[in-house]
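These are the residues of each chain, in order.
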Amino acid sequence: MSPGSGRGLVLGVVLCLFVTAHCKFPALDHIKPKASDKAQGRAVVELLKRLLGNRSTEFIVSVNRSLSNDSLDVCELRSTKNNKIVATGSSGVALASGIYNYMKYFCNCHVSWSGDQLDLPRPLPKLTGVLRINTPHRFRYYQNVCTFSYSSVWWDWPRWEREIDWMALNGINLPLAFTGQEALWQEVYRALGLNQSEIEEFFSGPAFLAWNRMGNMFKFGGPLPQSWHVTQLYLQFKILERMRAFGMIPVLPAFSGNIPKGILRLYPAANVTRLGPWAQFNCSFSCSYILDPRDPLFLQIGSLYLSQVVKQFGTDHIYNTDTFNEMTPPSSDPAYLSAVSRSVFASMTAVDPQAIWLMQGWLFFSDAAFWKPNQIQALLHGVPLGRMIVLDLFAETEPIFSYTESFYGQPFIWCMLNNFGGNSGFFGTVESINSGPFKALNFPNSTMVGIGMTPEGIEQNPVMYELMSELAWRKEPVNLSKWASLYAIRRYGSTQENLTAAWVLLFASVYNCTVPHYRNHNHSPLVRRPSFHMNGGRWYDPADLYKAWKLIIEAAPSLMSKETFRYDLVDVTRQVLQVLTTSFYQDIADAFQQQKLPELLVAGGVLVYDILPELNRLLNSDRNFLLGTWLERARSLGLDEKEAQLYDMNARNQLTLWGPSGEILDYASKEWGGLMEDYYAQRWGLFVDMLVECLNSGRPFKQDAFNQAAFQVEKGFVYNGRKYPTKPQGDTYEIAHRIFLKYYPQALKRL
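How each quantity is defined
- Numbering of residues starts from 1 in every chain and runs along the sequence as written.
- Owing to the predicted nature of the model, reporting of local features is limited to residues with pLDDT of at least 70; listing and counting of side-chain atom pairs is limited to 80 or more, with chain, interface and lining totals taken over all residues.
- In computing side-chain properties, one takes all heavy atoms of the structure into account and sets aside hydrogens as well as water.
- Helix and strand definitions follow DSSP, with helices as H or I runs of at least four residues and strands as E runs of at least two, each counted in order from the N terminus.
- The globule rule used for comparison is 2.2 Å times the number of residues to the exponent 0.38, while the radius of gyration itself is calculated over C-alpha atoms.
- Think of it in three bands: residues with accessible area under 20% of the maximum for their type are buried, residues over 50% are exposed, and the middle band is partly exposed, with areas taken using a 1.4 Å probe on protein chains only.
- What counts as a ring pair is set by centres within 6.5 Å for rings of Phe, Tyr and Trp (its six-membered ring), and what kind of pair is set by the plane angle: stacked under 30 degrees, edge-to-face over 60, tilted for all other angles.
- Only Lys NZ and Arg CZ are tested; either one counts as a charge over a ring when it is within 6 Å of the ring centre and within 35 degrees of the ring normal.
- Whether two strands pair depends on DSSP finding at least two bridges between them.
- All axes here are fitted lines through C-alpha atoms, helices being fitted over the stretch that makes contact, and every angle between N-to-C directions spans 0 to 180 degrees.
- Oblique is the label for every angle not falling under 35 degrees (roughly parallel), over 145 degrees (roughly antiparallel), or within 65 to 115 degrees (roughly perpendicular).
- Take the far helix as your reference; a near helix turned counterclockwise from it by less than a right angle gives a left-handed crossing, and one turned clockwise gives a right-handed crossing.
- Note on definitions: a residue-residue contact is assigned when non-hydrogen atoms from the two residues lie within 4.5 Å.
- Residues were grouped as follows: Ala, Val, Leu, Ile, Met, Phe, Trp, Tyr, Cys and Pro as nonpolar; Asp, Glu, Lys and Arg as charged; and all remaining residues, including Gly, as polar.
- Any carboxyl oxygen of Asp or Glu within 4 Å of a side-chain nitrogen of Lys or Arg constitutes a salt bridge here.
- For the purposes of this description, domain bounds are those given by an automatic or database domain assignment.
- Each of two parts loses accessible area, computed with a 1.4 Å probe, when they are put together; buried area is these two losses added.
- Counted as a polar contact is a pair of N or O atoms within 3.5 Å, where, for protein atoms, one must be capable of donating a hydrogen and the other of accepting one, and residues adjacent in sequence contribute only when both atoms are in side chains.
- UniProt positions are given in the numbering used here, feature names are shortened, and annotations may be inferred rather than shown by experiment.
- Residue count minus one, scaled by 1.5 Å, sets the expected span of a helix.

> Describe in detail the overall build of the chain, supporting the description with residues and values.
For the chain, the helix and strand inventory stands at 27 helices and 17 strands. In terms of C-alpha radius of gyration, the chain reaches 26 Å, essentially the compact-globule figure of 27 Å for 751 residues. For the C-alpha atoms alone, the extent of the chain along its principal axes is close to 75 × 75 × 50 Å. When burial is assessed residue by residue, the chain has 63% of its 751 residues classed as buried.

Below, the structure written as structure tokens:
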């Protein structure tokens, strides 16, 4: 048997398995792009103009949905005699991602959150024959309900436009579209008879809306100004129009049962449960009121809301809502759980008979003690098979399909979560994502219908999202070190061996976490409130990171004109200083424990007076690492100073205290210029001072007393009113090189 025919057999098996999963769900057949082929083609023409300017005319593009006979996306590209590329896709998204595939692998180009590298060869490289790119995955899903708070909360239309372009290039056809929903809720609550103060008591501030929507908390960071509703609604209309123009299927919000307290005044007999506190919050901001889905009022409110959604936003028939997110249901009786999901679904089908419920599978993982097989099956089977799609939200680390017989027959999407809270810090699970989706597709009786990316926060680790979105178009796992080498070449537009070697090292170490059940909550002492119980949380050998750092520093002089390179130079140096902070923290703790004042003064002095200020200067030198940008975007949405101050407080609090008194302290930490100086470094300075004071006076260190003092620093930052730079300052190379000369020998010594 020739080697080729064997591969054909394997592919045949994969396709056959896929087709069975695919054909099992005729209920999904009506889910297709609304925009005409012509409109989708026009959207891609406009995208290419934004991306490539005049050179976009070298691509002749069109959409022809009959290119695919089974609703699986495909794109075909060929060269013309006069060096143009003719590309045809089955949808706008298929077309855009086919062109991006050509740009990556034939032109060495790259598009990312942290800059583009678009040195297109002239003329465009020729294709021999037809390049056909297709996907075995019906859906490519993107975003997490939390992303709207951790990342896109302050975005304007140009930033959204850029993100939707990125989605199209990366093949996303099922994005979450959650912006502006509070404006519609306000109308529904008014129609039900709530007064304005009852509504204002309910909505949280903009930076915390994700958890307000999920029923975890209310009011904190509010009240929401009316101008917020207007700008967000305007944004949502533009977002939906553009997503649909590319042939995407936007996922819209539905009702989960989370209600304002005021509903009890209007409906005192309603079957309402008050939940317990969530995540250290007390009941002044949490302990939400949840309406029992079996109560007739649930159907009334749910259908009232969804009819508003459909009327204002139009619909593509897929809706997301999550019952019991990080909250334990009042009963584990399977009959009750089935009734709940049946009722939630009924409130959707009452408005849209073709509704599909998209549900995050997070609850089965976060409350595994409650969700045993019987309970999971009951909740899933309250909805007809094929009318619910489950997101296996954290499948790279905690896959749920594998112990629920593929979600007991409901279709699911295999998702990579990768990031919590939008934390800075390198992280990835490349081996897991490279094999996981293929294993899931070949799982006995697999009901997998897609692949997804569900980060809580974005705009870090761009390499992970490029790899993950590309895997949706692959028939088998990639060779990771080869893929990493090619990534380096297109990211920087350079074939320097130093750079490919650096990326191969990073892929084998910091981007390949294989620790079972590991959750990437940047545990580095750098971004945590100091104590003697800190865990550096490392899953890799720092020697690999240091080698990569040296290689990147050596290549730097000739590449500083590339934004992508400057970003990575800052990022890898930042990661090294994060690791060194842990090492100096160890020295500080040892010196204190052994009562060695000189050693304590040296280690503490180096950390507080050199490492952290240098890190702050480094971060301030690149536009992608500025606190000032985050705060300016927030303030700019305010109509007056009062609103600007409210948004400023929301923006600062989320990054730091995450609650009035540090309820979820440092969960959403960011290593940004400004924040490093006025927040993290201040805490470390306080810690070292207190330890020195203890050794000098012979008194023991009291963590409680330190925590109280640290809280004053943390709260002080939230309200300091200081303006931070929004333009980079200083020369990145000079700063990074100085840090390298000072700390590379130190780093090696500390291995």
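> Help me get a handle on the packing of aromatic side chains, residues and values and all.
Overall, the coordinates contain 69 aromatic pairs when judged by the stated rule. Ring geometry for F507 and Y511: centres 6.2 Å apart, planes at 55°, overall tilted. Classification of Y511 as buried rests on a relative accessible area of 1%. Members of the aromatic cluster, joined through ring pairs, are Y150, F208, W211, F220, W278, F281, F285, W658 and Y667. Here the guanidinium or amino end of R574 rests over the ring plane of F426, the centre of that ring lying 5.4 Å away.

> Mind laying out the sheet that holds strand β7 (residues 139-142), listing which residues take part and the relevant values?
Across the sheet, eight strands lie side by side as β8-β7-β17-β16-β15-β14-β13-β9; this open sheet has parallel pairing. Edge strands, defined here as strands with exactly one partner in the open sheet, are β8 (174-175) and β9 (252-253). With two bridges joining them, β9 and strand β13 (residues 318-320) adopt parallel strand pairing. Note on β13: the bridge partner recorded for P253 is N320.

> Explain the packing of helix α23 (residues 627-636) against helix α24 (residues 641-655) residue by residue, including any values.
Where α23 meets α24, the axes come as close as 8 Å, and the angle between the chain directions of the two elements is 140°. When the axis of α23 is compared with that of α24, the two are oblique. Seen along the crossing, α23 lies across α24 with a hand that is right-handed. Residues L627, W630, L631, A634 and R635 of α23 form the contact with α24, whose own contacting residues are E641, A644, Q645, Y647, D648, A651, R652, Q654 and L655. Tallied by class, residues from the contact of α23 with α24 come to eight nonpolar, two polar and four charged.

> So, the environment of P33: which residues are in play, and what are the values?
Note that P33 resides in the loop between α1 (3-23) and α2 (37-52). In this structure P33 comes out as partly exposed when scored by relative accessible area, which is 23%. Not counting chain neighbours up to four residues away, the residues in contact with P33 comprise Q40, R65, G247 and I249.

> If you had to explain the pattern of salt bridges to someone new, which residues and values would you point to?
Taken as a whole and judged by the stated rule, the model has 42 salt bridges. The residue D37 makes a salt bridge to R65 at a minimum N-O spacing of 2.8 Å. Taken together, the positions of D37 in helix α2 and R65 in the loop between β1 (59-63) and β2 (74-79) put the pair 28 residues apart, joining distant regions of the chain. Of the residues examined, R65 reaches a relative accessible area of 33% and is grouped as partly exposed. Note that R265 and E198 form a salt bridge whose closest N and O atoms lie 2.8 Å from each other. Here R265, found in helix α10 (residues 262-266), pairs with E198, found in helix α7 (residues 196-200); they are 67 residues apart in sequence, far enough to count as distant.

> Would you mind going over the domain arrangement of the chain in detail, with residue names and values included?
Put simply, an interface is often sized by how much accessible area is lost when its parts join up. When the domains of the chain are assigned, the result is domain 1 (26-134), domain 2 (139-475) and domain 3 (504-516 + 539-749). In this assembly, seven residues from domain 1 lie in contact with five residues from domain 3. A combined buried area of about 430 Å² lies between domain 1 and domain 3, and 53% of that area is made up of carbon and sulfur atoms. Contact with domain 3 buries surface across domain 1, with S114, G115 and Q117 losing the most and accounting together for 72% of the total. Remark: the boundary between domain 1 and domain 3 carries one salt bridge. Here domain 1 is connected to domain 3 by two residue pairs in polar contact (both at pLDDT 80 or more). The element best represented in the side of domain 1 that touches domain 3 is strand β5 (residues 115-117), accounting for three residues. Here the side of domain 1 that touches domain 3 is built from residues that sort into one nonpolar, four polar and two charged.

> Which residues make up the UniProt feature "domain: Alpha-N-acetylglucosaminidase C-terminal" (unreviewed entry) in the chain, and what are the values?
Those places that UniProt annotates as "domain: Alpha-N-acetylglucosaminidase C-terminal" (unreviewed entry) correspond, in this numbering, to residues 483-742. Secondary structure across residues 483-742 comprises 64% helix and 0% strand; the distance between its end C-alpha atoms is 33 Å.

> Which residues make up the sheet that holds strand β3 (residues 85-89), and what values go with them?
Here we have four strands laid out as an open sheet, ordered β1-β3-β2-β6, and mixed in their pairing. Taken across any chain shown, the strands that pair with only one partner, and hence form the sheet edges, are β1 and β6 (131-134). Averaged over neighbouring strand pairs, the angle between their axes works out to 15° when direction is ignored. Bridge analysis of β2 against β3 gives five bridges, and the strand direction is antiparallel. For C75, the partnering residue across the bridge sits in β3 and is G89. Its contacts with the sheet place helix α3 (residues 92-107) against β1, β2, β3 and β6, and it is angled at close to 150° to β1.

> Tell me about the pairing of strand β15 (residues 388-392), and please be specific about residues and values.
Of all five residues that make up β15, five are buried, and the element is covered over most of its length. Here β15 shows two buried faces, one formed by M388, V390 and D392 and the other by I389 and L391. Here four bridges tie strand β14 (residues 356-360) to β15, and the two strands are oriented parallel to one another. Bridged to M359 within β15 is V390. The pairing of β15 with strand β16 (residues 412-416) spans three bridges and is parallel. Within β16, the position partnered with L391 by the bridge is I413.

> Account for helix α20 (residues 542-555), with residues named and values stated.
For an α-helix, 3.6 residues make a turn, and residues three or four places apart therefore share a direction. In a regular helix each residue adds 1.5 Å, so 14 residues correspond to 20 Å; α20 covers 20 Å between its end C-alpha atoms and thus fits that length. The element α20 is extensively covered by neighbouring structure, given that eleven of its 14 residues are classed as buried. Check the buried side of α20 and you find it contacts α19 (497-508), α21 (563-593) and α27 (732-749).

> Tell me about helix α6 (residues 181-192), and please be specific about residues and values.
Over its twelve residues, α6 runs 17 Å from end to end, which matches the ideal 16 Å to within 8%, given 1.5 Å per residue. Burial analysis of α6 places nine of its twelve residues in the buried class, which makes it a mostly covered element. Among all positions in α6, only Q181, E182, A183, L184, W185, Q186, V188, Y189 and L192 are buried. Positive phi shows up at G193, right after α6, with a value of about 115°.

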